[in-house]
Structures are given as C-alpha cells and as structure tokens.
Amino acid sequence: ENDRLHALAKSLGSAETERDFEYALNRLVGTQNPDGGWSWIPNFLGSSIYVTREIMSGLGLLIENGIIDVTSDLNDVIRKGLGYLDSYYYKRYDVKEKPKSLGYEELSYLLIRSYFQSYPFGGTTKASHQYFTRLADMQDTHDLNLYFRAQLALLMARTGKEDQARHIAATLVERSLYSDEMGRY
C-alpha cells in the first residue's frame, strides 16, 4: 500500500501529468458553448445543466484546493459558466409557483456558487440566489437523506453559518455507525 501511494505521489508531480492536465483544461475551455454551458457531446447544440454543474463544481474544487490557478482564460470560462448557471436557476425561480423547498439541483447550484463568491451576478439573477439561499436556511433536515444533509452542512459552513453547519453535522453523527475496523460510516 505504501509503495502504491509513493508511486501515485511521484506520478502526480511529473511533467507528463502536468501536460495531460494542461491538455484536459484546454479541451474543457474549447468545448464550452457560447451560452456558457457544456454539452454531453462536444459541438452538440444545447448545453446540459447537469454537465455544466459537474464541470463548474470540479473547477471550484480544483481552485479551492490550490491544484489549479485562475488564469485570464480560466477566469472567462468561470464567468461564462456562472452566467449560464445563474440564468438557468433564475428561470426556475422566476415562475408563478416558486419552489417551496430546496431540491438537490438548487443545493448543487448554491454549493457551486459558494466556490465563486467573488464573481458578481449578472442582471437580476442575484434574486434567485437569495431566494434559494433562504430556502436552504429554512430547510428541515429530519427527512433528508444523509448525502443531502452532508451537502447542506457543507453549504452552511462555506457561507459562514457555522451554528447551522454544526447542528446538521451532529445529526449526521447521530445517524451514523462506528466500528474500529471500518471507522464511521
């Protein structure tokens, strides 16, 4: 096990890995659609909210953990990606019957936005973000599955709501199991 971890650590810092990573990032930039989203298939008309959320979430994690730096090209990609997401969720908000509770899609959006808090909202899209944030603040966690609870706790911690995050985390611990062999699960 130790030898495998050593080999992995060695390969992650190699020039070949750096080249592969640069290639992948350039490909990602090149496949972004004009509307700021990404499609399931490159050059396919119509962006996918799911694919776009996954890519933006991945970029947020990479940036937050210091794995990639935000270059001017990547800054443009992020700005356009957030514009696509903001517009999509504004349309979900700007309807006669607004959602009464937070769904997984909206929670994912809020988590992605929490990685990019310094990026401004375009036009009126901030209203939908504020609305979904209020739903998250009022979310009853008793009937939520563990994954949703964990994501909600993460959102609360990332947005400075430490008391709510600790409360949700405590409910996760209450519902978890522990063994010396497996740890907490």
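Because the structure is a prediction, the values reported are computed rather than measured. (Residues numbered from 1 in each chain as written. Predicted model: local features only at pLDDT ≥ 70, side-chain atom pairs only at ≥ 80, totals over all residues. Heavy atoms only, no water.)

Novice: For this particular structure, what's the right way to read the overall build of the protein chain?
Specialist: Check the secondary structure of the protein chain and you find 8 helices and 2 strands. Going from the N terminus to the C terminus, the protein chain shows its helices and strands as α-α-α-α-α-α-α-α-β-β. Dimensions of the protein chain, computed from C-alpha atoms along their principal axes, come out at roughly 50 × 50 × 30 Å. Surface summary for the protein chain: the accessible area is close to 11,900 Å², and the carbon and sulfur share equals 55%. When the 21 positive and 25 negative side-chain charges of the protein chain are each reduced to one mean point, those points stand 7 Å apart. (Helix = DSSP H or I, 4+ residues; strand = E, 2+ residues; numbered from the N terminus. Areas by Shrake-Rupley, 256 points an atom, 1.4 Å probe, with all protein chains shown as cover. Lys, Arg positive; Asp, Glu negative; His and termini not counted. Charge placed at Lys NZ, Arg CZ, Asp CG, Glu CD.)

Novice: What is the right way to look at the pattern of salt bridges in this model?
Specialist: Side-chain pairs of opposite charge can arise where the charged atoms are in close proximity. In this structure the tally under the stated criterion is 8 salt bridges. In this structure, the salt-bridge partner of K161 is D137, at a minimum N-O distance of 2.9 Å. Of the two residues, K161 is situated in the loop between α7 (146-158) and α8 (162-174) and D137 in helix α6 (residues 126-138); the sequence distance between them amounts to 24 residues. A residue is classified by how much of its surface remains accessible, and K161, at 23% relative accessible area, is partly exposed. Judged by its relative accessible area of 30%, D137 falls in the partly exposed class. (Salt bridge = Lys/Arg side-chain N within 4 Å of Asp/Glu carboxyl O. Buried < 20%, exposed > 50% of the residue type's maximum accessible area, 1.4 Å probe, protein only.)

Novice: Even after reading the chapter, I still don't get the side chain of S39, so can you show me in this structure?
Specialist: The topology assignment puts S39 in the loop between α2 (15-30) and α3 (49-64). Look at S39 and you get buried, because its relative accessible area is 10%. Within polar-contact distance, the side chain of S39 engages the backbone oxygen of F44 at 2.8 Å. Among the polar contacts listed, one links the side chain of S39 to the backbone oxygen of G46, at a separation of 2.9 Å. In contact with S39, other than residues within four places in its own chain, are N33, F44, G46, S47, S48 and V51. (Polar contact = N/O pair within 3.5 Å; in protein donor to acceptor, adjacent residues only side chain to side chain. Contact = heavy atoms within 4.5 Å.)

Novice: For this particular structure, what's the right way to read the confidence of the model for the protein chain?
Specialist: Low-pLDDT portions of the prediction should not be read for the details of their coordinates. Overall, the predicted model of the protein chain reaches an average pLDDT of 90, with 96% of residues at or above 70. The lowest-confidence element of the protein chain is helix α1 (residues 2-12), averaging 71 in pLDDT; the highest-confidence one is helix α5 (residues 104-115), averaging 96. (pLDDT = per-residue confidence, 0-100.)

Novice: Teacher, can you tell me more about the nonpolar core here?
Specialist: Burial of nonpolar side chains together is a common tendency in soluble globular proteins. One finds M56, L59, L85, L102, F116, F132 and L152 to be the most contacted residues of the largest nonpolar core, which totals 38 residues. If you list the elements that add at least two residues to this core, you get α2, α3, α4 (72-93), α5, α6, α7 and α8. Here L152 is in contact with L102, L107, A136, Q139, T141, L144 and I168, once residues within four sequence places are set aside. (Core = buried A, V, L, I, M, F, W, Y, C linked by side-chain atoms within 4.5 Å.)

Novice: Looking at this structure, how should I read a nonpolar patch on the surface?
Specialist: The grouping of W40, I41, F44 and Y50 at the surface amounts to a nonpolar patch, some 500 Å² of accessible area in total. Structurally, I41 can be placed in the loop between α2 and α3. Classification of I41 as exposed rests on a relative accessible area of 51%. (Patch = residues over 30% accessible without salt bridge, like charges linked within 9 Å, V, L, I, M, F, W, Y side chains within 5 Å.)

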